[in-house]
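Chains, contacts and geometry: an overview
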Amino acid sequence: MPETDQDSGRGLWYGFAAYGIWGLFPLFWPLLEPGAADDILANRMVWSLLAVVLFLVAQRHWSWIRPLLRQPRRLAMLAAAAAVISVNWGVYIWAVNAGHVVETSLGYFINPLVTIAFGVLVLKERLRRGQWAAVGIGAAAVAVLSAAYGRLPWIALTLAFSFATYGLLKKKVGLSGLESLAAESAFMFPFALGYLIYLEVSGRGTFGHTVAGSYGWGHSALLVLSGLITAVPLLFFGAAAVRVPLTVLGLLQYLAPVFQFLIGVAVFHESMPPARWAGFALVWAALAVLTWDALRQLRADRAGRAAAVPPPATAPALLKG
């Protein structure tokens with residue numbers, strides 16, 4: 001097999017691993033109870049920095065730091081990205097442990113539609129008819145789901161908008177996943193560490209404590225592990241991003257919310273009345289339209305590039321003697 005095919009195959013598996021781990025997150029956060037969501041979030045922030053520093057040490061990858069420190073605008077965007085992803089993580093952990101796994105999956109299903117809306121509103125991009133149709137169907141889905149839930153699906157919308165904002169900031173900063181997580185974790189670390197100290201002083205912290213019949217040292221080990229499972233899928237994602245086309249990554253991103261949805265329904269047995277099924281069906285229809293439009297545009301772009309390549313020059317005919 002040619003090397004490029006091997007790289008593509010490995011990239012596909014890296015992508016499956018990244019989105020598969022993200023999709024299985026709802027099975028991990030309940031293991032950290034009885035820690036509250038704020039306790040778990042602060043520990044995740046602290047241990048993420050340790051995990052990412054260990055990866056950077058192993059790779060001896062430090063050259064990007066000094067140029068970054070000389071660019072205050074990029075540092076400000078990284079600080080904003082850290083704040084936004086903190087909101088995303090906090091809402092996600094709370095929602096999973098409060099029994100709203102299906103709604104968290106909805107947030108990541110509609111995230112591509114929110115990203116498209118940001119492209120129009122922030123980056124002034126022009127949408128194709130297929131993209132407009134997908135956004136319109138997505139808006140109808142939110143209306144149907146609001147009626148089904150009896151409220152605006154704020155968990156899903158918070159996750160979708162915060163992650164879309166995070167993606168927009170990361171696009172402007174232009175760092176790799178591991179570099180970005182390192183910088184963001186460095187911004188979050190002092191606040192997270194200070195909050196853990198506050199929890200300890202107030203008697204609400206769980207790290208380093210044992211309670212007979214409730215939790216022991218294994219709980220503290222799982223809190224430390226939260227940093228590792230935050231960093232590892234990012235490494236897999238980074239390895240996939242340089243080996244497979246962006247369109248493939250775009251399709252793989254649906255794995256995570258699919259896994260989350262299945263876990264919510266099949267493992268945690270969350271309620272799915274017909275009205276919610278109808279709302280999710282509209283979301284999936286919007287994503288199908290979006291995927292079809294993206295693939296159609298990809299084929300059109302390839303055909304246009306092929307047509308623009310001039311035909312090879314023909315060899316001159318031999319002169320007859």
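Being a predicted model, the structure only gives us computed values, none of them experimental.

Remarks on unusual backbone geometry
Residue P34 follows E33 across a cis peptide bond; omega there is 15 degrees. Here P34 is to be found in the loop between α1 (3-28) and α2 (37-59). Even without being a glycine, R60 presents a positive backbone phi close to 50 degrees. With phi around 55 degrees, H269 is a residue other than glycine that occupies positive phi space. With respect to the secondary-structure elements, H269 resides in the loop between α11 (255-267) and α12 (274-308).

Things to note about the nonpolar core
In this structure, W29, W64, L68, W89 and Y92 are the most contacted members of the largest nonpolar core, which totals 50 residues. Of all the secondary structure elements, the ones that give two or more residues to this core are α1, α2, α4 (72-97), α5 (101-121), α7 (154-173), α8 (177-202) and α9 (217-241). For Y92, the contacting residues outside a window of four places in its chain are W22, F25, P26, W29, T104, Y108, L159 and Q260. Formed by 26 residues, the second largest nonpolar core is a distinct cluster that contains V102, L106, L113 and A286.

Quick look at the packing of aromatic side chains
Counted under the stated rule, the structure contains 21 aromatic pairs. Measuring from ring centre to ring centre gives 5.9 Å for W13 and F16, while their planes differ by 50 degrees; the resulting arrangement is tilted. Taken together, the residues W13 and F16, both in helix α1 and three residues apart, mark about one turn of the helix. Using a relative accessible area of 64% as the deciding quantity, one classes W13 as exposed. On the accessibility criterion, F16 (35% relative accessible area) is partly exposed.

Topic: the confidence of the model for the protein chain
In this model, the protein chain carries a mean pLDDT of 87, and residues with pLDDT of at least 70 account for 94%. Throughout residues 317-321 the model reports pLDDT below 50, and contacts reaching past four residues in sequence, or to other chains, amount to zero contacts.

Topic: the packing of α4 against α5
Relative orientation and spacing of two packed helices are given, respectively, by the angle between their axes and the distance between those axes. Across the interface, α4 lies against α5 with an axial gap of 8 Å and an inter-helix angle of 145 degrees. α5 is crossed by α4, and the crossing has left-handed handedness. Packed against α4, whose contacting residues are N88, Y92, A95 and V96, the element α5 presents V101, T104 and Y108 at the interface. For the contact of α4 with α5, the per-class residue count stands at five nonpolar, two polar and no charged.

Some details on a nonpolar patch on the surface
On the surface, L24, L27, V267 and F268 cluster together to form a nonpolar patch covering roughly 330 Å² of accessible area. Turning to its location among the elements, V267 is positioned in helix α11. By relative accessible area, V267 is classed as partly exposed at 45%.

Considering the pattern of salt bridges
For the structure on display, the rule yields four salt bridges. Residue D38 pairs with R204 through a salt bridge whose shortest N-O separation is 2.7 Å. Within this pair, whereas D38 is found in helix α2, its partner R204 is found in the loop between α8 and α9, the two being separated by 166 residues in sequence. When its relative accessible area of 23% is taken as the criterion, D38 is described as partly exposed. R204 gets classed as partly exposed once you look at its relative accessible area, which sits at 41%. We note a salt bridge from R128 to D293, for which the minimum N-O separation is 2.7 Å. Pair noted here: R128 is in the loop between α5 and α6 (129-149) and D293 is in helix α12, with a separation of 165 residues, a long-range link. Using a relative accessible area of 28% as the deciding quantity, one classes R128 as partly exposed. One network of salt bridges, in which partners are shared, links R128, D293 and R296.

The rules we used
Residues numbered from 1 in each chain as written. Predicted model: local features only at pLDDT ≥ 70, side-chain atom pairs only at ≥ 80, totals over all residues. Heavy atoms only, no water. Helix = DSSP H or I, 4+ residues; strand = E, 2+ residues; numbered from the N terminus. Core = buried A, V, L, I, M, F, W, Y, C linked by side-chain atoms within 4.5 Å. Buried < 20%, exposed > 50% of the residue type's maximum accessible area, 1.4 Å probe, protein only. Contact = heavy atoms within 4.5 Å. Phe/Tyr/Trp six-rings, centres within 6.5 Å; stacked < 30°, edge-to-face > 60°. pLDDT = per-residue confidence, 0-100. Axes fitted to C-alpha atoms, helices over the stretch in contact; angles between N-to-C directions. Left-handed = near helix turned anticlockwise from the far one by under 90°. Nonpolar A, V, L, I, M, F, W, Y, C, P; charged D, E, K, R; others polar. Patch = residues over 30% accessible without salt bridge, like charges linked within 9 Å, V, L, I, M, F, W, Y side chains within 5 Å. Areas by Shrake-Rupley, 256 points an atom, 1.4 Å probe, with all protein chains shown as cover. Salt bridge = Lys/Arg side-chain N within 4 Å of Asp/Glu carboxyl O.

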